[in-house]
Amino acid sequence: MYGVCGCCGALRPRYKRLVDNIFPEDPEDGLVKTNMEKLTFYALSAPEKLDRIGAYLSERLIRDVGRHRYGYVCIAMEALDQLLMACHCQSINLFVESFLKMVAKLLESEKPNLQILGTNSFVKFANIEEDTPSYHRSYDFFVSRFSEMCHSSHDDLEIKTKIRMSGIKGLQGVVRKTVNDELQANIWDPQHMDKIVPSLLFNLQHVEEAESRSPSPLQAPEKEKENPAELAERCLRELLGRAAFGNIKNAIKPVLIHLDNHSLWEPKVFAIRCFKIIMYSIQPQHSHLVIQQLLSHLDANSRSAATVRAGIVEVLSEAAVIAATGSVGSFASTLPTYQRSEVILFIMSKVPLPSLHHAIETGRTGENRNRLTQIMLLKSLLQVSTGFQCNNMMSALPSNFLDRLLSTALMEDAEIRLFVLEILISFIDRHGNRHKFSTISTLSDISVLKLKVDKCSRQDTVFMKKHSQQLYRHIYLSCKEETNIQKHYEALYGLLALISIELANEEVVVDLIRLVLAVQDVAQVNEENLPVYNRCALYALGAAYLNLISQLTTVPAFCQHIHEVIETRKKEAPYMLPEDVFVDRPRLSQNLDGVVIEFLFRQSKISEVLGGSGYNSDRLCLPYIPQLTDEDRLSKRKSIGETISLQVEVESRNSPEKEERVPAEEITYETLKKAIVDSVAVEEQERERRRQVVEKFQKAPFEEIAAHCGARASLLQSKLNQIFEITIRPPPSPSGTITAAYGQPQNHSIPVYEMKFPDLCVY
């Protein structure tokens, strides 16, 4: 009976008759539009039949594919497309299953035209917003097949281009269909991203030979649309733009793996292009996640070739610039400060530094493998800090960041030290005054600079109380570097000036003056055996800064003293001023050992004039001496012994071993005259004594030095015990004292229940 009904057209189900009627006798005539309208009306009137219509169309399509009747295949797909566009009922899911089955059949075909036909139908389907969700639909096959099409290697260049573009469009359709549907399979899973992202990068990387031909002006726009590389870029941008916070990692990791597998870090052009696309496509608040992944990848390649690491750092630098300069929208103003600080801290934590147990790694040729990494990371940090604004220096320069940054300032590499100085300047300069100190000079009136100066805030005062000595120490040690050039001194001058403007209170001003006077002593005494240029540069640096700070403090007597010394130098020692030193052809003096006192800024005179204006004259009289830390042992400095000797010298002066009191000497005219005449001899003796101390700490056995320090420590402890015995007493007794041994009165505590209270206290 069923066989008879199948043979007789009048007895066949209506939906089958309607489907059959849309196919013409000659496939070249195309879809019968009037019959297609009847089929669409029937599907809308009886939506329960939609799944059967889809199944029957699928059956016919599979049969036609097997018989190579490709004209009817195209007609079937066109009918499916129109039904999909017209029907959005609840039973659409079953119809979609039939549709996807037919698309998969076309994609499995070896015929490029069928693959392209199936892809086009899938893209149309992907753009449809369905009214009902699907709980069991899977797109795994389509991701795999479209990815394969993206890597097509067809012999015909034109066909290969079309297949690859169809693959890219298919992946774009999968992303659009699944990215916003929580019920679909998660397209951000690694199993999908590991296929989608490399396929897009492959087409982005390989520019077809046909594109190198110069098309006619009329054909150029059409050629651009047919370019797989540009289509892949648009798809990649759309993919990254849809990525949420938790999906960024899965989208970026395949990029890093692709660059590793194809050795694309060394030319670094393509890698930089990829991450520019990434940084400009993702949401601004996700930028720091990309930078963190780059830094982690740099860690993972710690044993890779230096060129590979350099490529990663170069990409990191470009990404950091985009993230920090606001190129990804209103990024700089909308991103919270703590997120920007987190990125900066993360970059700084990856800078390779020597430690007590691990030296800097060297390559086979003896070249420092990490030097390039250090420079590029610091360059990235400098670019980030340039666009970083924070009113609170405690937040801008936290302790863990500042410690590592200043440790880098002690390295022997001159370029690295310069980067550190520039980074500090970028963080401290919050009012845009940096460019006004790019040239070192002794202006007679600094009002022409039009400096923007605000009162030091309470938070900045706390910051300087905590970190000022650390900053002064590194500035002092940086001034003593033999490999310094003009850029280093310009950066040091800018750093001193900006600290004076941004972070200075009365105590900071006094310490900065002491610091610069100590730098002047370095140039005068020259225990470091610095070249002539470095000594002249230090004199000139001190003159420029004291000229600036004297006008900022507006103390007339202070300004007068600085002005007198500068005028004296202009007449008799111009090689001690910045105008003659920091030029293309410095005019230097080969004899700096005979510098007279009139050429120097005198600490006693400055202490006198500032003390009369309310500044701490006692502190001004104390010479500045840097603190010794473990960093000096890592920096391989020549001045370590001298720094130690200075500290030991100061400690020895305050040592309990020298407690004999010297009777006060009457100060007369003859005493002052003798002190002035013998000052040169005293300086020579002092220099010789320092040399002996340095020689002792450099050549003496460790046991001898340890025994000396241990004896002093035990002596100090005994003195402390004496002080404690004098100051600590038992609690006072309410009933008086008793007499202890040796006739000394001693307080004695009486229990409360034995105390006798006056009658007024009894109720």
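Computed from a predicted structure; not experimentally measured.

Visitor: What's the story with the overall build of the chain in this structure? I'm lost.
Guide: When helices and strands are tallied, the chain shows 35 helices and 2 strands. Considering only contacts within the chain whose residues lie at least 6 apart along the sequence, 73% involve residues at least 24 apart. Total accessible area computed for the chain in this model is approximately 40000 Å², and 53% of it derives from carbon and sulfur atoms.

Visitor: Help me understand the packing of aromatic side chains, please; the structure alone is not making it clear to me.
Guide: Any two aromatic rings considered together are summarised by their centre-to-centre distance and by the angle between their planes. The tally for this structure, following the rule as stated, stands at 13 aromatic pairs. Seen from their ring centres, Phe-437 and Tyr-493 are 6.0 Å apart, and the 80 degrees between their planes marks the pair as edge-to-face. Remark: Tyr-493 occurs in helix H24 (residues 486-502) and Phe-437 occurs in the loop between helix H22 (414-428) and helix H23 (458-479); sequence separation between them is 56 residues. Residue Tyr-493 is classed as buried on the basis of its relative accessible area, which comes to 4%. Ring centres of Tyr-489 and Phe-582 lie 6.0 Å apart, and the angle between their planes is 40 degrees; on these two criteria the pair is classed as tilted.

Visitor: Got a minute to help me understand the pattern of salt bridges in this structure?
Guide: Side chains that differ in charge, positive against negative, can pair when their charged atoms come close. Taken as a whole and assessed by the stated rule, the structure comprises 16 salt bridges. The partner of Asp-64 in a salt bridge is Arg-69, with the nearest N and O atoms 4.0 Å apart. The partner of Arg-514 in a salt bridge is Asp-511, and the shortest N-O contact between them spans 3.0 Å. Of this pair, Arg-514 and Asp-511 both sit in helix H25 (residues 506-525), 3 residues apart, roughly one helical turn. Each member of the pair, Arg-514 together with Asp-511, is buried. The network of salt bridges with common partners includes Arg-176, Glu-238 and Arg-242.

Visitor: Looking at this structure, I do not really get unusual backbone geometry. What am I missing?
Guide: The phi torsion of most residues other than glycine is negative, and most of the peptide bonds are trans. Even without being a glycine, His-68 presents a positive backbone phi close to 60 degrees. Relative to the helices and strands, His-68 resides in the loop between helix H4 (50-66) and helix H5 (70-86). Even without being glycine, Ser-263 reaches a positive phi, approximately 50 degrees. Mapped onto the elements of the fold, Ser-263 is located in the loop between helix H13 (248-261) and helix H14 (269-281).

Visitor: I'm lost on the packing of helix H9 (residues 157-178) against helix H10 (residues 190-205) in this one. Help?
Guide: How two helices sit against one another is set out by the angle between their axes and by the gap between those axes. One way to put it is that H9 packs onto H10 with a least axis distance of 11 Å and a crossing angle of 140 degrees. Relative to H10, the crossing made by H9 is left-handed. Only Ile-196, Ser-199, Leu-200, Phe-202 and Asn-203 of H10 make contact with H9, whose side of the interface consists of Arg-164, Ile-168 and Leu-171. Within the contact of H9 with H10, the residues separate by chemical class into 5 nonpolar, 2 polar and 1 charged.

Visitor: Got a minute to help me understand helix H19 (residues 371-386) in this structure?
Guide: In an α-helix there are 3.6 residues to a turn, and that puts residues three or four apart on one side. The terminal C-alpha atoms of H19 lie 22 Å apart, and with 16 residues this matches the ideal 22 Å at 1.5 Å per residue to within 8%. Within H19, the full set of buried residues consists of Thr-373, Gln-374, Ile-375, Met-376, Leu-377, Leu-378, Ser-380, Leu-381, Leu-382, Val-384 and Ser-385.

Visitor: Any chance you could explain the nonpolar core here in plain terms?
Guide: Soluble globular proteins: nonpolar side chains tend toward being buried together. By size, the foremost hydrophobic cluster in this structure holds 207 residues, and its most contacted members are Phe-142, Trp-265, Phe-275 and Ile-513. Looking at this core element by element, the count peaks at 13 residues for helix H26 (residues 532-553). With residues near it in sequence (within four places) discarded, Phe-275 still touches Ile-252, Val-255, Leu-256, Leu-259, Trp-265, Val-290, Leu-294 and Val-315.

Visitor: I keep staring at the confidence of the model for the chain and nothing clicks. Help me out?
Guide: Caution applies to low-pLDDT regions: their predicted coordinates should not be interpreted in detail. Here the chain shows a mean pLDDT of 77. Residues at 70 or above account for 74%. Here residues 356-367 is a poorly scored stretch, pLDDT under 50, and it has 16 contacts once near neighbours within four places are set aside; other chains count. In the predicted structure, residues 729-749 sits below a pLDDT of 50 and forms 19 contacts with residues beyond four places in sequence or in another chain.

Visitor: It is not clear to me how a negative patch on the surface should be interpreted in this structure. Could you clarify?
Guide: A surface patch of like charges, here negative, comprises Glu-25, Asp-26, Glu-28 and Asp-29. One can find Asp-29 in the loop between helix H2 (14-21) and helix H3 (33-45). Judged by its relative accessible area of 60%, Asp-29 falls in the exposed class.

Visitor: Would you mind going over the packing of H2 against H3 with me for this structure?
Guide: Across the interface, H2 lies against H3 with an axial gap of 8 Å and an inter-helix angle of 150 degrees. One way to sum up the angle between H2 and H3 is to call them roughly antiparallel. The two elements H2 and H3 meet at a crossing, and its hand is left-handed. On the side of H2, the interface is formed by Arg-14, Tyr-15, Leu-18, Val-19 and Asn-21, while H3 contributes Asn-35, Lys-38, Leu-39 and Tyr-42. Of the residues that constitute the contact of H2 with H3, the class distribution is 5 nonpolar, 2 polar and 2 charged.

The rules behind each value
Residues numbered from 1 in each chain as written. Predicted model: local features only at pLDDT ≥ 70, side-chain atom pairs only at ≥ 80, totals over all residues. Heavy atoms only, no water. Helix = DSSP H or I, 4+ residues; strand = E, 2+ residues; numbered from the N terminus. Contact = heavy atoms within 4.5 Å. Areas by Shrake-Rupley, 256 points an atom, 1.4 Å probe, with all protein chains shown as cover. Phe/Tyr/Trp six-rings, centres within 6.5 Å; stacked < 30°, edge-to-face > 60°. Buried < 20%, exposed > 50% of the residue type's maximum accessible area, 1.4 Å probe, protein only. Salt bridge = Lys/Arg side-chain N within 4 Å of Asp/Glu carboxyl O. Axes fitted to C-alpha atoms, helices over the stretch in contact; angles between N-to-C directions. Left-handed = near helix turned anticlockwise from the far one by under 90°. Nonpolar A, V, L, I, M, F, W, Y, C, P; charged D, E, K, R; others polar. Expected span 1.5 Å × (residues − 1). Core = buried A, V, L, I, M, F, W, Y, C linked by side-chain atoms within 4.5 Å. pLDDT = per-residue confidence, 0-100. Patch = residues over 30% accessible without salt bridge, like charges linked within 9 Å, V, L, I, M, F, W, Y side chains within 5 Å. Lys, Arg positive; Asp, Glu negative; His and termini not counted. Charge placed at Lys NZ, Arg CZ, Asp CG, Glu CD. Parallel < 35°, antiparallel > 145°, perpendicular 65-115°, else oblique.

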